[in-house]
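What follows is the residue order along each chain.
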Amino acid sequence: MLQVSYIRDNRELVLERLAVKNFKQPELVEEIIALDDKRKQTQNRADNTSAEANAAAKKIGELMRTGQKEEAEAIKANTGKWKEEIKQLTEQLGSIEEELQQKLVLLPNLPHTSVPKGLTPEENEIVLENGEKPQLPGNALPHWELAAKYNLIDFELGVKITGAGFPVYKGKGAKLQRALISYFLDEAEKAGYSEMIVPLLVNEASGFGTGQLPDKEGQMYYVGLDNLYLIPTAEVPVTNLYRDVILKADELPVKNCGYTPCFRREAGSYGAHVRGLNRLHQFDKVEIVQVVHPDNSYQALEDMSAHVQGLLQNLGLPYRVLRLCGGDMGFASALTYDMETWSAAQQRWLEVSSVSNFETFQSNRLKLRFRNAEGKTQLAHTLNGSALALPRIVATLLENNQTEDGIKIPEVLVPYTKFESIR
RNA sequence: GGAGAGAUGGCAGAGUGGUCGAUUGCGGCGGUCUUGAAAACCGUUGACUGUUAAAGGUCCGGGGGUUCGAAUCCCUCUCUCUCCGCCA
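Residues numbered from 1 in each chain as written. Chains lettered and ligands numbered in written order. Predicted model: local features only at pLDDT ≥ 70, side-chain atom pairs only at ≥ 80, totals over all residues. Heavy atoms only, no water.

**A word on the protein's contact with RNA strand B**
Near RNA strand B you find 17 residues, and of these D47, N54, A57, R371 and T377 are the closest. Close to the protein, within 4 Å, the atoms of RNA strand B belong to sugar or phosphate groups at a rate of 67%. At 3.1 Å from a phosphate oxygen of RNA strand B is found a side-chain nitrogen or oxygen belonging to R39. N54 is positioned with one of its side-chain polar atoms (N or O) 2.9 Å from a phosphate oxygen of RNA strand B. When residues of the surface near RNA strand B are traced back to their parent elements, those giving at least two are α3 (27-65), α5 (79-104) and β14 (369-371). (Near = heavy atom within 4 Å. Polar contact = N/O pair within 3.5 Å; in protein donor to acceptor, adjacent residues only side chain to side chain. Helix = DSSP H or I, 4+ residues; strand = E, 2+ residues; numbered from the N terminus.)

Right under this line is the structure:
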């Protein structure tokens, strides 16, 4: 959520930046400023009336104590009009604030100046490409066939238990999952992130804090009986740990990580591109989250990007880094890098990580602040990134590392899997 | 699921109608003392809004009510804790 004061002071800039994100309702900016004017006016009138009423009440108290009952009664006679006025103004104020809030949550975050214009994923900027795409023989298999051949993942069994998009990992397939999770967590810890194990169900306030609610409600599984949401990413609980928190300056940066399963409804996405592990309703992911001083957030974003790239390099996967264009970016993000690995059997790039700087967009909703050098509270910047999401990593590993007589496990994982290949 | 208790500042914990944004203790910050530190002593220490700065306003779990006036009384919702039951 953008701050009204920022919108007021930077009206033109806001409009210009929103245009980069292809925002369709620029008139909201003027409406918000007008509403805020109205809010201030009404607030002011209500405050003044309250001040009068407070003074009168105080006076009555004094008079009563000194036994001047008559005088007290005389003042009492006048309080009715204030009372009525305060009630009316407060009601007005309430509805103005509600309207303001409703409009405010419709504004996406402003994109960073480096964000390219554009509408579609094709217009994302390729920042770099790294690693060599393996040349597979003609009889190479896609990962879903490899998963069946080596009895690693059973998609049908998942359908029986739950439904499509809830795979069952078996034997070495399960072991590989666990190995990847442990490896990612260990690497995150080496990079200074401290591990959290967090709830997989969150309340409405948490969903609002990181930006999933109110607009992306349909993407989360909802447990109506208890009014809770299954997390679509660890970002939600891990970032919300800092909701309503004022940090000391020396507590920054905060670096946390966590492994969780993630649940996404992915309503309406079916077809060839979602086969196998390409798109799931439940998947495993290790997430890294930072809370930083505003001056350092873009450096932190680069650090996180480098961390993710390091993982991909260590796993020996060819990858590329994209700077998302305005139209493809998330609602809450100011700058996002996507990391994609090359899936050699499918002959396509698969997104395996997304690293974003939200600047104050989340912290404003979360009321996540720190005390700055002047001793004032100030919104911190939040960032997060997948490091990494498992399914497409597994897909790429299986496909790219397949040989005549099995699948080779990357060296860095062998200490975790305790086996060097899948046969 | 049944019964009861509770929700106050970073934490602990007073406060049952006006002088309470709130006693006190701990913690934090600043200072005195000290070679330095500890101890002791002194001072200071909530958030939001508003303003050039102030003044003023709002906030004692959320919402509503009574009253000239509510942390305090009433209603309601939510949450937490204790005991019992069930249970990994």
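**So, the domain arrangement of chain A**
As assigned here, chain A comprises domain 1 (4-104) and domain 2 (121-422). Across the contact, four residues belong to domain 1 and eight residues belong to domain 2. Each partner contributes to the roughly 330 Å² buried at the junction of domain 1 and domain 2, and carbon and sulfur atoms together form 46% of this total. Applying the counting criterion to the domain 1 and domain 2 interface returns zero salt bridges. Split into classes, the residues belonging to the side of domain 1 that touches domain 2 amount to one nonpolar, two polar and one charged. (Domains from an automatic or database assignment. Contact = heavy atoms within 4.5 Å. Buried area = accessible area lost by both parts, 1.4 Å probe. Salt bridge = Lys/Arg side-chain N within 4 Å of Asp/Glu carboxyl O. Nonpolar A, V, L, I, M, F, W, Y, C, P; charged D, E, K, R; others polar.)

**So, the side chain of S356**
In this fold, S356 is placed in strand β13 (residues 348-359). Reaching out from S356, the side chain makes a polar contact with the side chain of T336 at a distance of 2.8 Å. Setting aside its immediate chain neighbours within four residues, S356 contacts L301, S333, L335, T336, T382, L383 and N384.

**Let's talk about the UniProt feature "coiled-coil region" (unreviewed entry) in chain A**
Following the UniProt record, the feature "coiled-coil region" (unreviewed entry) maps to residues 32-106 here. Overall, residues 32-106 shows 91% helix and 0% strand. The separation of its end C-alpha atoms is 11 Å. (UniProt positions renumbered as here; feature names shortened; annotations may be inferred.)

**What to know about the nonpolar core**
Counting 60 residues, the largest nonpolar core has L180, F184, L312 and I393 as its most contacted members. No other element matches helix α8 (residues 172-190), which puts seven residues into this core. Apart from the residues lying within four places of it in its own chain, the contact partners of F184 are V286, L311, L315, A387, L388 and L390. (Core = buried A, V, L, I, M, F, W, Y, C linked by side-chain atoms within 4.5 Å. Buried < 20%, exposed > 50% of the residue type's maximum accessible area, 1.4 Å probe, protein only.)

**Observations concerning unusual backbone geometry**
Cis peptide bonds are those with omega within 30 degrees of zero, and the linkage from L213 to P214 qualifies with 5 degrees. Within the element layout of this structure, P214 appears in the loop between α9 (204-210) and β6 (222-223). With omega at -5 degrees, the peptide bond leading from L252 into P253 counts as cis. Within the secondary structure layout, P253 lies in the loop between β8 (246-247) and β9 (254-263). For K418, which is not glycine, the phi dihedral falls at a positive 65 degrees. Within the secondary structure, K418 is located in the loop between α14 (414-417) and β19 (421-422).

**What to know about the UniProt feature "binding site: ATP" (unreviewed entry) in chain A**
Within this structure's numbering, the places UniProt gives as "binding site: ATP" (unreviewed entry) are R264, R265, E266, E351, V352, S353 and S354. Excluding residues within four positions of it along the chain, E266 makes contact with R279, L280 and H281. For E351, the position within the fold is in strand β13. For E351, the contacting residues outside a window of four places in its chain are D338, M339, E340 and R392.

**What to know about the environment of I60**
Inspection of the secondary structure puts I60 in helix α3. I60 gets classed as buried once you look at its relative accessible area, which sits at 12%. The sequence separation of I60 and I75 amounts to 15 residues, and the corresponding C-alpha distance is 7.1 Å. Here I60 is in contact with A72, I75 and K76, once residues within four sequence places are set aside.

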